[in-house]
Amino acid sequence: MKKWDFKKWLSCLLATLMIFINVPQTIHAQDDSISAVDSESALVEALNDLNEGETIQLTASFDLTEDITINKDVTVDLNGQTITMGNYSFEIAGCDLTIIDSSEGIGGKLTGTDFIIDMSNSSADKVTLQSGILEGTGWSAVVKIHSNDTFEMTGGIARQTQKNAQYVLLVNAGGTAKVTGGRIEGSIRGISVSAASSVVVVGNTPENDKQTEEEANQVYVAGVYSSNANASITLNSGTVGKLLGTIGNGFVLNSWFEQDVSSVLPAGMMCAEVDGHWEVSQLTQENAVAMIGDTSYGSLVKAAAELKDGEVLVLLKDYNGTQDVKVTVNHAIIDLNGYSITNSTTDGYGLEITSNSSNAQGELGVTVRNSSSTISRISANIPLYARSGNSLKAMPVSLGDNIELVSNSENTLIELGTSAYIEYNEKVASYITVGGFLSNHSDGKQYIHGSFTQAAENDVKHTAVLLNDYQGGISLSAENISLTLDLNGHTVTSDGTSVIRVNTNDAELTIKNGVM
């Protein structure tokens, strides 16, 4: 074998080294556009020194001791780290800020008790959350969006951990919130809209007429609250926990909802459960649940709340829910129309009838009737409750035929509160199992009152007859009057300091036929 001399060997070695030296070595090269930050002071220095469009990458977690002003277009990479902000904020002042988290676990976050992102310092700013977490732990919004500013979420999480915090995103007048990805969690309202010029967009427009389950899962918003019916609210897709506030006819409500939002919808819209979620749609004669005049409603609770004096509320479908059907009127008609009302809560009313606090003007009284030959039922803890909003204004109630009352807790079926009374018949009397004072009025009819004094004062002989055992006290406050309470073999029991209280002069009270 021919041996190489030292010169040849050295020449070959040098040639080989030259080959490797000329190969580009970019794998470990440092990107000069990324500034590594491991402290508050390093963050401030980086924001002062970097150029527009460059990136700050956190390499350690740290706390803030002051507000941080950002006035350049930059990207902040949380990189799995946490900035604990306390009561300080990122003050956005004339820039576009992008927040990402490049870490594998995507657990980087900005957390604090005040606004995490405060966009109220200048106009035309934009903050984009692509990934990572913005976390509020106090009472302030996580993000405050000012006039002509835009907050956009394409991913990540913005959340409130303070149980009774009002909102996550606060969209002030002229501000825009666009959430097409990620999750908004916690708070009472979620996204809160404060003015007609506020804009909220949730989700992208679905590919088809209705979104798919996949599209519904791309974005989640705990709630949307609007204080103005003229605001621009567009819920294209995704899932929204609840809808609150004043809802306008022009709102786009194509998201899926986690609960029934019928009670806040304007007339002409309804909400129905579909495969475990709730969807909003336009009302038709076929899907309306109630009518007042020519106006159709998708929610009986909503219709009842909007009933006015002299109007007739007509049921078009059965109501099964967990809310009281409450009307506040001086004079109106509720026509069950062969349908039923069921409130399944343990302490709720089926139908709650009350009036406002104004003085009596015009005709008084609410009639509950059934214009159909089909029996209607009202089922609840207490199916029918009536009271006046003014103790000096009567609240007469009439219960028609073909109506059955059912208590889901063996309670009294009719409760008469302040100044309320109902026309007597045997069936109505059987529905009142606690108290009830019978009175003969000057119109020749008998009525059952909830109050002894009001029953006796309206009786032609100033005598009220107790229909059942009664829990409570008897109070006499009218002057120059002589009243009689016929206990009719029943007992009046008071848990207070007295069973009879006379708060006036020159009055006489006679009690007979029972025990007090």
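Conventions and cut-offs
Residues numbered from 1 in each chain as written. Predicted model: local features only at pLDDT ≥ 70, side-chain atom pairs only at ≥ 80, totals over all residues. Heavy atoms only, no water. 1 Å grid on protein atoms, 1.4 Å probe; cavity = no way out; pocket = protein on both sides within 12 Å on 5 of 7 lines; lining within 4 Å. Points joined across faces, edges and corners; volume = space filled by probe spheres on them. Helix = DSSP H or I, 4+ residues; strand = E, 2+ residues; numbered from the N terminus. Nonpolar A, V, L, I, M, F, W, Y, C, P; charged D, E, K, R; others polar. Core = buried A, V, L, I, M, F, W, Y, C linked by side-chain atoms within 4.5 Å. Buried < 20%, exposed > 50% of the residue type's maximum accessible area, 1.4 Å probe, protein only. Contact = heavy atoms within 4.5 Å. Patch = residues over 30% accessible without salt bridge, like charges linked within 9 Å, V, L, I, M, F, W, Y side chains within 5 Å. Areas by Shrake-Rupley, 256 points an atom, 1.4 Å probe, with all protein chains shown as cover. Salt bridge = Lys/Arg side-chain N within 4 Å of Asp/Glu carboxyl O. Pairing = 2+ DSSP bridges. Axes fitted to C-alpha atoms, helices over the stretch in contact; angles between N-to-C directions.

### Considering the layout of surface pockets
At step 1: Space inside the largest pocket adds up to approximately 470 Å³.
At step 2: Asp260, Ser262, Trp278, Tyr319 and Asn320 are, among the 21 residues lining the largest pocket, the residues nearest its centre.
At step 3: Within the residue set of the lining of the largest pocket, elements represented by two or more residues are strand E24 (269-274), helix H4 (300-306) and strand E29 (319-321).
At step 4: Residues of the lining of the largest pocket, tallied by class, amount to eight nonpolar, nine polar and four charged.
At step 5: Computed from the structure, the second largest pocket encloses a volume of approximately 250 Å³.
At step 6: Lining the second largest pocket are 15 residues, with Lys210, Leu253, Asn254, Glu279 and Val280 sitting closest to its centre.
At step 7: Of all the secondary structure elements, the ones that give two or more residues to the lining of the second largest pocket are E24 and strand E25 (277-282).
At step 8: The element contributing the most residues to the lining of the second largest pocket is E25, with three residues.

### Let's talk about the nonpolar core
At step 1: Core analysis: the largest hydrophobic core is formed by 64 residues, its most contacted members being Phe90, Leu97, Ile117, Leu134, Phe151, Leu243 and Leu253.
At step 2: Sorting elements by how many residues they give to this core places helix H2 (residues 40-49) first, with four residues.
At step 3: Those residues in contact with leucine 253 that lie beyond four places of it in its chain are Leu235, Leu243, Ile247, Leu265, Met269 and Val280.
At step 4: One finds Leu300, Val301, Leu307 and Val366 within the second-largest nonpolar core, a separate group that totals 43 residues.

### Here's the deal with a nonpolar patch on the surface
At step 1: Among the surface-exposed residues, Ile500, Val502, Ile511 and Met516 lie close enough to one another that they form a single nonpolar patch of about 280 Å² accessible area.
At step 2: Relative to the helices and strands, isoleucine 500 is located in strand E48 (residues 500-502).

### Here's the deal with the sheet that holds strand E35 (residues 376-380)
At step 1: Within the open sheet, the four strands sit side by side as E29-E32-E35-E38. Their pairing is parallel. Unpaired on one side and paired on the other, E29 and strand E38 (403-407) mark the two borders of the sheet. Each strand axis lies, on average, 10° off the axis of its neighbour in the sheet, ignoring direction.
At step 2: Bridge count for E29 against strand E32 (residues 341-343) is three bridges, and the pairing is parallel. If you follow glycine 321 over to E32, its bridge partner there is asparagine 343.

### Observations concerning the sheet that holds strand E49 (residues 507-512)
At step 1: What the 12 strands build is an open sheet, ordered E27-E26-E28-E31-E34-E37-E40-E42-E41-E43-E46-E49; its pairing is mixed. Looking at strand neighbours, the two that pair on one side only are strand E27 (295-297) and E49, the edges of this open sheet. Neighbour-to-neighbour, the strand axes of the sheet open up by a mean angle of 25°, direction not taken into account.
At step 2: Two strands pair when backbone bridges link them, and strand E40 (residues 420-423) and strand E42 (residues 446-449) are joined in this way by three bridges, in the antiparallel orientation. Each residue of the ladder has a partner; that of isoleucine 422, found in E42, is isoleucine 448.

### Brief notes about the pattern of salt bridges
At step 1: Within the structure shown, the criterion is met by eight salt bridges.
At step 2: The salt bridge partner of arginine 369 is aspartate 335, with a shortest N-O separation of 3.6 Å. Of the two residues, arginine 369 is situated in strand E34 (residues 365-369) and aspartate 335 in strand E31 (residues 331-335); the sequence distance between them amounts to 34 residues.
At step 3: The exposure class assigned to arginine 369 is partly exposed, which follows from its relative accessible area of 33%.
At step 4: We classify aspartate 335 as buried; its relative accessible area is 4%.

### Observations concerning unusual backbone geometry
At step 1: Located in the positive-phi region is asparagine 337, a residue other than glycine, with phi close to 55°.
At step 2: In this structure, asparagine 337 sits in the loop between E31 and E32.
At step 3: Unusually for a residue other than glycine, asparagine 513 sits at a positive phi of about 65°.
At step 4: The residue asparagine 513 is located in the segment after E49 in this model.
At step 5: Residue classification places asparagine 513 among the partly exposed residues on the basis of a relative accessible area of 48%.

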